Amino acid sequence: MSRANNPQLKSWVDVNSSCDFPIQNLPFGVFKTTNRTPRAGVAIGEYILDLSVIADAGLFNAIPFEKNVFAKDVLNWFIALGKPVTNAVRERISDLLNVENAELSANADLKLKALVKQNDAQMLMPVFIPNYTDFYSSKEHATNVGIMFRDPANALLPNWKHLPVGYHGRASSIVVSGTPIHRPKGQTKVDDAPAPSFGPCKLLDFELEMAFITGKSTELGTSVSTAKADDYIFGLVLFNDWSARDIQKWEYVPLGPFLAKNFGSTVSPWIVTLEALEPFKVESPKQEPEVLPYLKFDGKKNLDINLEVEIVPENGKGKIVSQSNFKYMYWNMAQQLAHHTSNGCNIQIGDLYASGTISGPTPDSYGSMLEISWQGKNPIQMPDGTERKFILDNDTVVIRGFCEKDGVRIGFGECSGKILPAL
Ligand code: MN
């Protein structure tokens with residue numbers, strides 16, 4: 001395990017115990033301020049360490065790489081340097097922020113230039129995403145949807161336990177946390193109507209997901225094994241796969257999701273590296289029946305990440321509507337990547353692979369309003385006396401996630417998006 005993960009490490013930057021960004025995390029993101037152009041940074045406590053400033057000061061000189069990668073408006077160039085470099089940079093940042101290291105902490109001028117308050121910065125999309133795939137890897141979610149829309153006795157389709165089902169999504173409409181999204185319009189048809197109609201979506205939903213971002217490409221025709229998958233995963237973000245249920249219901253046959261999904265998806269701004277998450281790896285759920293050889297794997301491949309979803313009405317008090325965990329996933333990231341490339345499909349740097357809705361075993365851990373309200377039959381009571389079956393105009397949906405172990409809390413920050421009325 002990386003020495004940057006040592007639970008004993010302390011930073012000279014104040015980090016309170018409920019903060020997502022202790023010295024053991026060091027997630028990468030892209031930010032700008034009124035006088036700083038878009039650039040790479042690392043979150044520490046309530047601050048961002050400006051990596052361009054650190055590079056210009058020569059503090060990364062012991063690691064050979066082209067230092068202008070930090071002055072770019074996306075992390076793709078940095079990620080493309082590969083794990084030997086990106087991990088060395090993470091370890092170096094850990095040293096520079098360590099309470100026992102004076103290189104940066106004792107240099108008052110440089111410190112002032114290098115640390116930016118998160119409150120004074122605007123977070124931007126951390127990567128350019130060439131390709132986006134969404135899986136469907138939670139057994140509880142797939143079962144709930146199968147019960148609602150097909151047959152309670154055969155909720156999972158025959159292929160589900162043999163391969164990680166997925167579809168190719170739309171990369172162009174993925175936005176960073178804080179970006180509002182207009183309610184989509186589309187074609188829908190209620191069951192007893194003779195014909196479809198066009199208008200604003202009436203059943204707008206969130207999907208609680210996580211996503212991994214790849215940091216290494218493959219050649220067309222080659223495959224990634226489950227054993228090598230971690231080498232290709234740079235890090236993870238929170239992901240909200242906004243979904244228009246009424247549009248989805250009418251359009252999805254026979255080719256799957258299309259306009260019900262591609263009007264917008266939201267990511268959290270900080271990419272937490274797979275290395276920072278290493279201490280939180282846990283056993284995967286048992287897979288029965290046995291999977292084919294190319295989907296078998298060794299070791300701990302699931303991650304214990306606490307997740308929650310809050311709905312916040314405009315000018316109102318929010319309500320936590322779901323508390324789930326990434327560890328429930330039936331198909332893990334290594335299997336998803338192995339399956340995705342099993343036919344020779346090539347991986348690109350910055351690709352985003354989302355988990356699918358992460359539902360747990362109990363109703364309070366379901367990852368979508370479709371399941372929480374059970375198609376609208378069980379509305380959620382909000383603190384202001386209103387109720388929610390789905391998401392209303394001017395509601396903000398906030399996803400949060402964190403791991404906790406040995407007194408160290410590693411978090412993802414927020415994945416937040418406000419729904420504006422249809423245009
Ligand atoms: Mn989804």
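The preceding data block contains the structure.
Residues numbered from 1 in each chain as written. Predicted model: local features only at pLDDT ≥ 70, side-chain atom pairs only at ≥ 80, totals over all residues. Heavy atoms only, no water.

(A) Looking closely at the overall build of the chain. In terms of helices and strands, the chain carries 10 helices and 26 strands. Structurally, the chain occupies a C-alpha span of about 70 × 55 × 35 Å along its principal axes. Residue pairs in contact within the chain that sit at least 24 positions apart in sequence constitute 73% of those at least 6 positions apart. Surface summary for the chain: the accessible area is close to 18,400 Å², and the carbon and sulfur share equals 53%. Within the chain, one finds 41 positive and 47 negative side-chain charges whose respective centroids are separated by 1 Å. (Helix = DSSP H or I, 4+ residues; strand = E, 2+ residues; numbered from the N terminus. Contact = heavy atoms within 4.5 Å. Areas by Shrake-Rupley, 256 points an atom, 1.4 Å probe, with all protein chains shown as cover. Lys, Arg positive; Asp, Glu negative; His and termini not counted. Charge placed at Lys NZ, Arg CZ, Asp CG, Glu CD.)

(B) Expanded view of the sheet that holds strand 5 (residues 122-124). Read across the sheet, five strands follow the order 4-3-2-1-5 without closing on themselves; strand pairing throughout is antiparallel. Because the sheet does not close on itself, it has two edges, and the strands there are strand 4 (115-117) and strand 5. The average undirected angle you get between the axes of adjacent strands in this sheet is 45°. Pairing between strand 3 (residues 47-50) and strand 4: three bridges, direction antiparallel. Counted as the bridge partner of Leu 49 is Leu 115 from strand 4. (Pairing = 2+ DSSP bridges. Axes fitted to C-alpha atoms, helices over the stretch in contact; angles between N-to-C directions.)

(C) Representation of the packing of aromatic side chains in the model. Across all of its chains, the model carries 13 aromatic pairs by this definition. Ring geometry for Phe 60 and Phe 70: centres 5.5 Å apart, planes at 45°, overall tilted. Of this pair, Phe 60 sits in the loop between helix 1 (51-56) and helix 2 (76-79) while Phe 70 is found in the loop between helix 1 and helix 2, placing the two residues 10 residues apart along the sequence. On the accessibility criterion, Phe 70 (0% relative accessible area) is buried. With centroids separated by 5.5 Å and ring planes inclined at 75°, the aromatic side chains of Tyr 330 and Trp 331 adopt a geometry described as edge-to-face. Residues Tyr 330 and Trp 331 agree in their burial class; the two are buried. Three or more aromatic residues link up through ring pairs in this structure, and these residues are Phe 28, Phe 60, Phe 65, Phe 70, Phe 78 and Phe 234. Sitting over the face of the ring of Tyr 232, Lys 216 holds its NZ or CZ atom 4.8 Å from the ring centroid. Stacked on the ring of Phe 402, the Lys or Arg Arg 409 has its end atom at 3.9 Å from the ring centre. (Phe/Tyr/Trp six-rings, centres within 6.5 Å; stacked < 30°, edge-to-face > 60°. Buried < 20%, exposed > 50% of the residue type's maximum accessible area, 1.4 Å probe, protein only. Lys NZ or Arg CZ within 6 Å of the ring centre and 35° of its normal.)

(D) Summary view of the coordination of the manganese ion. Note on the manganese ion: its protein donors are Asp 134 (OD), Glu 207 (OE), Glu 209 (OE) and Asp 241 (OD). The metal-donor distances range over 2.1 to 2.2 Å. By relative accessible area, Glu 207 is classed as buried at 4%. (Donors = N, O, S within 2.8 Å, 3.2 Å for Na, K, Ca; no water.)

(E) Highlighting unusual backbone geometry. Pro 254 follows Val 253 through a cis peptide bond whose omega is -5°. Within the element layout of this structure, Pro 254 appears in the loop between helix 7 (245-251) and strand 16 (265-267). Here the bond from Glu 288 into Pro 289 is cis, since omega is 5°, no more than 30 degrees from zero. Within the secondary structure layout, Pro 289 lies in the loop between strand 18 (281-282) and strand 19 (302-303). Positive phi is not limited to glycine here, since Asn 315 has a value of about 55°. Within the fold, Asn 315 resides in the loop between strand 20 (306-312) and strand 21 (319-325). Positive phi is not limited to glycine here, since Asp 406 has a value of about 50°. Structurally, Asp 406 is set in the loop between strand 25 (396-405) and strand 26 (408-420). Judged by relative accessible area, which is 60%, Asp 406 ranks as exposed.

Without other data, these values stay purely geometric and don't point to any function.
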